[in-house]
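So you can see what is in the structure, the chains are spelled out below.
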Amino acid sequence: MLTLGRFTYPRPVILLAPMAGVSDLPFRRLCQANGADYSTAEMVSAKPDLLHTGLAQNRLQFDPDPRYPKIVQLVGGDPALMAEAALVMQAKGADIIDINLGCPAKTVARQQAGSALLADLGQAAKILAAVSRAVSIPVTVKTRLGYHDNQPTLLDLAAIAEDNGIAALAVHGRSRAQKYNGAADHAAIATLKNRTRLPVIANGDISDAAQAKTLIDRYGFDGLMIGRAALGDPWLFARCQAAVNGAPAPAADKNAQIRTHLHDLHRHYGAQATCIARKHLHAYLRGHPAYNALRTAVNRAADLAAQSAILDLAAIYCAPHTHRPAP
């Protein structure tokens, strides 16, 4: 069972991972409508000059639906700034603060933040302590196996998390050095699951329902977090819920949902929406037999009407829950 404040999940959760440039409000809403138990917003910097920018405010928009927690993921290397930012987010209505110890991006690493902190667990401990003391809402952590390939620090980090009242750990099964190369090591995450009292959510390379069921049955994870495989296939959550928890998969009119997603993106981003929606259109259409011909049309579409017309051209009328490979 996973309990996060007023939110309780008696069965393994199936979650959308926070992904910069992907897990915005329109996409989170779509994934939750298709079975994601909850989702985490794109990470925002704890630095005051970045926390209050237009980009950060856009990332901090949430669906008012009370069924889903409002989760803010903070990234930073300064304990005081992380604690201050967490307090600000709590005052703005956040239900949960998630601390990013997993991002491998160089821009984040140069700030000694994200997965770079796995090379300095003393500083990571200070951040977890400062944030957990500052707020009254649950604090969770998203992390990786360690900084270097052959030097995992996950068990040490989990002990620090336990000592500081962290509510749950989501673990990407790669080191910081691997970035997104190689295969995620779910067995290494399972070692942690067997040695910590904290709920453990596995992340990395989870891309189909049969695999999701195998991971839960074999390792007893408290949940799974799906990242890149959801881009272009938000219906993956419903398939995983059916396989893992026996939840009936609702019929999904994919064509209608894609159109709604495009409309939501244009409402959410305004003038910037066309470029952002283009990325999603490519992901939706990549498995289409006529994708090579459609790709040019996607790249040239300059507004919502043109992008919607591509769906007419593609005639995407898939049977509910028919699997289409993720990009």
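Reading guide: rules and limits
Residue numbers restart at each chain and count upward from 1, following the sequence in its written direction. Residues qualify for local features only when their pLDDT is at least 70, as the model is predicted, and side-chain atom pairs are given and counted only at 80 or more; totals for whole chains, interfaces and linings, by contrast, use all residues. Remark: hydrogens and water are excluded; side-chain values derive from all non-hydrogen atoms of the structure. Aromatic pairing here means that ring centres of Phe, Tyr or Trp (its six-membered ring) are within 6.5 Å. Orientation follows from the plane angle: under 30 degrees is stacked, over 60 is edge-to-face, and everything else is tilted. Numbering of helices and strands starts at the N terminus; helices are DSSP runs of H or I of at least 4 residues and strands are runs of E of at least 2. The classification of residues rests on relative accessible area computed with a 1.4 Å probe and restricted to protein chains. Under 20% of the type maximum is buried, over 50% is exposed, and intermediate values are partly exposed. Two limits define a charge over a ring: the Lys NZ or Arg CZ must be within 6 Å of the ring centre, and within 35 degrees of the ring normal. Of all possible arcs, the one meant is that of the directions from the helix axis to the C-beta atoms. In this analysis, two residues are considered to be in contact whenever any of their non-hydrogen atoms come within 4.5 Å of each other. Any pair of N or O atoms that falls within 3.5 Å is considered a polar contact. Within protein, one atom must be able to donate a hydrogen and the other to accept it, and sequence-neighbouring residues count only if both atoms are side-chain atoms. Working definition of a nonpolar core: buried Ala, Val, Leu, Ile, Met, Phe, Trp, Tyr and Cys residues. They are joined through side-chain atoms within 4.5 Å. Per the annotation, domain bounds derive from an automatic or database assignment of domains. A pocket, in this scheme, is an open set of points on a 1 Å grid over the protein atoms alone with protein on both sides within 12 Å along at least 5 of 7 lines, while a cavity is a set where a 1.4 Å probe fits but cannot get out; residues line either one if an atom lies within 4 Å of a point. Grid points are joined across faces, edges and corners, and a volume is the space filled by probe spheres set on the points. As a working rule, the residues Ala, Val, Leu, Ile, Met, Phe, Trp, Tyr, Cys and Pro are called nonpolar, Asp, Glu, Lys and Arg charged, and the rest polar, with Gly in that last group. UniProt positions are given in the numbering used here, feature names are shortened, and annotations may be inferred rather than shown by experiment.

1. Considerations on the packing of aromatic side chains
Within a pair of aromatic rings, the relevant descriptors are the distance that separates the centres and the angle that separates the planes.
Right, on to step 1. As enumerated under the stated definition, the model contains three aromatic pairs in all.
Right, on to step 2. For the pair tyrosine 9 and tyrosine 38, a centre-to-centre distance of 5.4 Å together with 45° between the ring planes defines the contact as tilted. Of this pair, tyrosine 9 sits in strand β2 (residues 7–9) while tyrosine 38 is found in the loop between α1 (25–33) and β4 (44–45), placing the two residues 29 residues apart along the sequence. Of the two residues, tyrosine 9 and tyrosine 38, neither departs from the other in class, the shared state being buried.
Right, on to step 3. Over the ring of tryptophan 235 we find lysine 254; its NZ or CZ atom is 4.8 Å from the centre of that ring.

2. Focus: helix α9 (residues 209–219)
Right, on to step 1. Buried within α9 are the following residues: Ala209, Ala212, Leu215 and Ile216. When α9 is viewed along its axis, its buried side chains cluster within an angular range of 125° and face the same direction. Exposed positions of α9 whose direction lies more than 90 degrees from the buried face are Ala210, Asp217 and Arg218.
Right, on to step 2. Turning to α9, the residues buried within the fold contact α8 (186–193), β12 (223–226) and α10 (236–245).
Right, on to step 3. The opening residue of α9, the one whose side-chain oxygen lies 3.1 Å from the backbone nitrogen of alanine 210, is aspartate 208.
Right, on to step 4. One or two steps after α9, the chain reaches glycine 220, where phi turns positive at roughly 70°.

3. Focus: the side chain of serine 175
Right, on to step 1. Looking at the element boundaries, serine 175 is found in the loop between β10 (168–172) and α8.
Right, on to step 2. Exposure remark for serine 175: the relative accessible area of 2% places this residue in the buried category.
Right, on to step 3. One polar contact links serine 175 to aspartate 149, side chain to side chain, over a distance of 2.6 Å.
Right, on to step 4. Those residues in contact with serine 175 that lie beyond four places of it in its chain are Arg144, Leu145, Gly146, Tyr147, His148 and Asp149.

4. Looking at the nonpolar core
Right, on to step 1. Within the largest apolar cluster, 84 residues are counted, with the highest numbers of intra-cluster contacts made by Leu74, Ile97, Ile99, Phe221, Leu224 and Ile226.
Right, on to step 2. Considering each element in turn, this core owes the most residues, seven residues, to helix α12 (residues 273–285).
Right, on to step 3. If you count residues domain by domain, this core takes at least three from each of domain 1 (2–245) and domain 2 (254–313).
Right, on to step 4. Dropping the residues within four chain positions of it, leucine 74 is found in contact with Val44, Leu51, Met82, Ala85, Ala86, Met89, Ile97, Asp98, Ile99 and Asn100.
Right, on to step 5. Tyr38, Ile71, Ile96 and Met225 belong to the second largest nonpolar core, which has 15 residues in total.

5. Side note on the layout of surface pockets
Right, on to step 1. Volume-wise, the largest pocket comes out at about 600 Å³.
Right, on to step 2. Every residue lining the largest pocket is counted, 28 residues in all, and those nearest its centre are Pro18, Met19, Tyr180, Gly227 and Arg228.
Right, on to step 3. Looking at the lining of the largest pocket, the elements that each hand over two or more residues are β7 (139–144) and β12.
Right, on to step 4. Within the lining of the largest pocket, the residues separate by chemical class into 16 nonpolar, eight polar and four charged.
Right, on to step 5. The computed volume of the second largest pocket comes to approximately 260 Å³.
Right, on to step 6. Taken together, Met43, Val44, Ser45, Leu50, Thr53, Leu55, Ala56, Arg59, Val75, Thr107, Val108 and Gln111 form the lining of the second largest pocket.
Right, on to step 7. Taken together, the elements giving at least two residues each to the lining of the second largest pocket come down to β4, α3 (54–59) and α5 (106–109).
Right, on to step 8. Here the residues of the lining of the second largest pocket sort into seven nonpolar, four polar and one charged.

6. Thoughts on the UniProt feature "domain: DUS-like FMN-binding" (unreviewed entry) in the protein chain
Right, on to step 1. In this numbering, the UniProt entry assigns the feature "domain: DUS-like FMN-binding" (unreviewed entry) to residues 15–312.
Right, on to step 2. Segment residues 15–312 splits into 46% helix and 13% strand. End C-alpha atoms: 31 Å apart.

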